[in-house]
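Residue-level listing of the chains:
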Amino acid sequence: MKVAILAGTRPEVVKLAPVHAALTASDVETLWISTEQQGALNGQALDTFGITPDLRLDPPAPERTLGGRFAQIMDRLDQAIGRLEPDLVLVQGDTSTTAAGAMAAFARRVPVGHIEAGLRTFDRTQPFPEEGWRCVVGQLADLHFAPTDAAARNLLRAGVAQHRIHMTGNTGIDAVRLAGDRATPVPLTGGLRRVLVTVHRRENWGPELEQVLAALVSIRDNVPDIEIVFVAHANPALRGRVDAVLQGQSRIRIVDPLDYLGFLSHLKSATLILSDSGGVQEEAPVLGVPVLVLRDTTERAEAVEAGVARLVGAQTDRIVAAATDLLTREVERMEMVRSISPFGDGYASHRIAGVIAGWQAERPAGGAQIRAAV
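Below is a short write-up of the structure. Small disclaimer: the values here were computed from a predicted structure and weren't measured. (Residues numbered from 1 in each chain as written. Predicted model: local features only at pLDDT ≥ 70, side-chain atom pairs only at ≥ 80, totals over all residues. Heavy atoms only, no water.)

1. Section: the sheet that holds strand 6 (residues 143-146)
In step 1: Spatially, 7 strands are ordered 3-2-1-4-5-6-7 in an open sheet, and the strand pairing comes out parallel. Each edge of the open sheet carries a strand with a single partner, namely strand 3 (55-56) and strand 7 (165-167).
In step 2: Across 3 bridges, the pairing between strand 6 and strand 7 is parallel. In the strand pairing of strand 7, histidine 144 is matched with isoleucine 165. (Pairing = 2+ DSSP bridges. Helix = DSSP H or I, 4+ residues; strand = E, 2+ residues; numbered from the N terminus.)

2. Brief notes about the sheet that holds strand 11 (residues 270-275)
In step 1: A sheet is described by the order of its strands in space; here 6 strands give the open sequence 10-9-8-11-12-13, paired in parallel fashion. For this open sheet the edge positions go to strand 10 (252-255) and strand 13 (309-311), each flanked by a neighbour on one side alone. For this sheet the average axis-to-axis angle between neighbouring strands, irrespective of direction, equals 20 degrees.
In step 2: Examined bridge by bridge, strand 11 and strand 12 (residues 291-293) share 3 bridges and lie parallel to one another. Looking at the pairing, leucine 274 lines up with leucine 292 of strand 12. (Axes fitted to C-alpha atoms, helices over the stretch in contact; angles between N-to-C directions.)

3. Some words on the side chain of threonine 95
In step 1: You can see threonine 95 is positioned in the loop between strand 4 (88-92) and helix 4 (96-107).
In step 2: For threonine 95, the side chain forms a polar contact with the side chain of glutamate 12, separated by 2.7 Å.
In step 3: Not counting residues within four places of it along the chain, the set of residues in contact with threonine 95 comprises Thr9, Glu12, Gln37 and Trp133. (Polar contact = N/O pair within 3.5 Å; in protein donor to acceptor, adjacent residues only side chain to side chain. Contact = heavy atoms within 4.5 Å.)

4. Observations concerning unusual backbone geometry
In step 1: At the junction of glutamine 126 and proline 127, the peptide bond is cis and its omega measures out at -5 degrees in the coordinates.
In step 2: The topology assignment puts proline 127 in the loop between strand 5 (112-115) and helix 5 (130-140).
In step 3: The omega angle of the peptide bond from phenylalanine 128 to proline 129 is 0 degrees, so this bond is cis rather than trans.
In step 4: Here proline 129 is to be found in the loop between strand 5 and helix 5.
In step 5: Phi at arginine 109 takes a positive value of approximately 60 degrees, unusual for a residue other than glycine.

5. Some details on empty space enclosed by the protein
In step 1: Taken as a whole and judged by the stated rule, the model has 2 cavities of 30 Å³ or more.
In step 2: Taken together, Val199, Asn204, Trp205, Leu209, Phe230, His233, Leu238, Arg239 and Val242 form the lining of the largest cavity.
In step 3: Looking at which element gives the most residues to the lining of the largest cavity, the answer is helix 9 (residues 236-246), with 3 residues.
In step 4: Surrounding the second largest cavity, Ile115, Glu116, Phe145, Thr168, Gly169, Asn170, Thr171 and Ile352 form its lining.
In step 5: Per-class residue counts for the lining of the second largest cavity are 3 nonpolar, 4 polar and 1 charged. (1 Å grid on protein atoms, 1.4 Å probe; cavity = no way out; pocket = protein on both sides within 12 Å on 5 of 7 lines; lining within 4 Å. Points joined across faces, edges and corners; volume = space filled by probe spheres on them. Nonpolar A, V, L, I, M, F, W, Y, C, P; charged D, E, K, R; others polar.)

6. Details of the environment of tyrosine 347
In step 1: For tyrosine 347, the position within the fold is in the loop between helix 14 (330-334) and helix 15 (348-362).
In step 2: Residues within four places of tyrosine 347 in sequence aside, it is in contact with Asp174 and Arg177.

7. Concerning the packing of aromatic side chains
In step 1: Inspection of every chain in the model, using the stated rule, returns 2 aromatic pairs.
In step 2: Each ring, one from phenylalanine 49 and one from tyrosine 260, has its centre 5.6 Å from the other, and the planes form 35 degrees; the classification is tilted. Placement of phenylalanine 49 in the loop between helix 2 (40-48) and strand 3 and of tyrosine 260 in helix 10 (residues 260-268) is noted, with a sequence separation of 211 residues between them.
In step 3: With relative accessibility at 3%, the residue tyrosine 260 sits in the buried group.
In step 4: Geometry around tyrosine 347 places arginine 177 over its ring, the cationic atom sitting 3.9 Å from the centre. (Phe/Tyr/Trp six-rings, centres within 6.5 Å; stacked < 30°, edge-to-face > 60°. Buried < 20%, exposed > 50% of the residue type's maximum accessible area, 1.4 Å probe, protein only. Lys NZ or Arg CZ within 6 Å of the ring centre and 35° of its normal.)

8. Things to note about helix 3 (residues 66-84)
In step 1: If you check helix 3, its first and last C-alpha atoms are 27 Å apart, about what 19 residues at 1.5 Å a residue would give, namely 27 Å.
In step 2: Residues of helix 3 that are buried include every one of Gly68, Phe70, Gln72, Ile73, Leu77, Ala80 and Ile81, and no others.
In step 3: Here the buried face of helix 3 lies against strand 1 (2-7), strand 2 (29-34), strand 3, strand 4, helix 4 and helix 5.
In step 4: Trailing helix 3 by a residue or two, glutamate 85 shows a phi angle of about 50 degrees, which is positive. (Expected span 1.5 Å × (residues − 1).)

Below you can see the structure in the form of structure tokens.
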């Protein structure tokens, strides 16, 4: 069997690297196709996990629209899949690479496996376009690897046949388990507690970003024993807006985009994290760091339900109130410090490899026509 893994962003690499390792250990011929969607960040993650892509595609043109970049990725993946003729294509999560890869494989009658399937906010504008991409892949995939029971129920509600759904846990927890020992906590600055901040979702690129930045200054003013570390986004326009408000502020430090191990190292030393990242909502609870989610909705409601994350949105007053409360009331903050993972035990990749092996053993002959037979 030949399995093609498609990835082009750092989160995809992080979450697919353990799957690649598990499949390789199972003697499955595994081909890694990199769409180079995120360029340098994608390369950093590949280096971290020691992965050399079997095929690197030309990156999508940055000047194109979202739809234009999607079309470029899909066209290049269509050609790659046609040339390599895999028996199964694996995609992960909710990126343009994920949706374009699933559509390209479907058009070639190649079965699709969707890792981290079934996550939903049920609002196609939040997060945009990721919620839409997930829904598209949910209609096309043959194997759905759901990280949680809630994700599996979402797939059933959408009409996915139960025998196609496999609850495995989230491979992002596998990545933390595999790489965690290589990331040591970054020393605190002058003994100050560290508040880590990341903002990258499109819905927070507008006035919402100004609200978040104003909140950070207020939090700094309210709590004298903290340092705020803002991990900058690679987008130069966003970086300019962040610099304009935060550059030169006392006890606020802006750092360039971090590689995966660097981010884990900062996360391990944090008292609190403010983020709109989906992956952070998975990683931080494992490391015992409370998360204030800078969004109004989340497709990872399990963290909120477990009490290790809170939705606060991107409004200044809500962010300031929630963060100040946790930073000045240690008993309340410690209620969120549980070092638990609502998203699995770190062995999702092994389960996925096992499911794929069983699926292959049960496949009828005529691989290219498998979709017509199921």
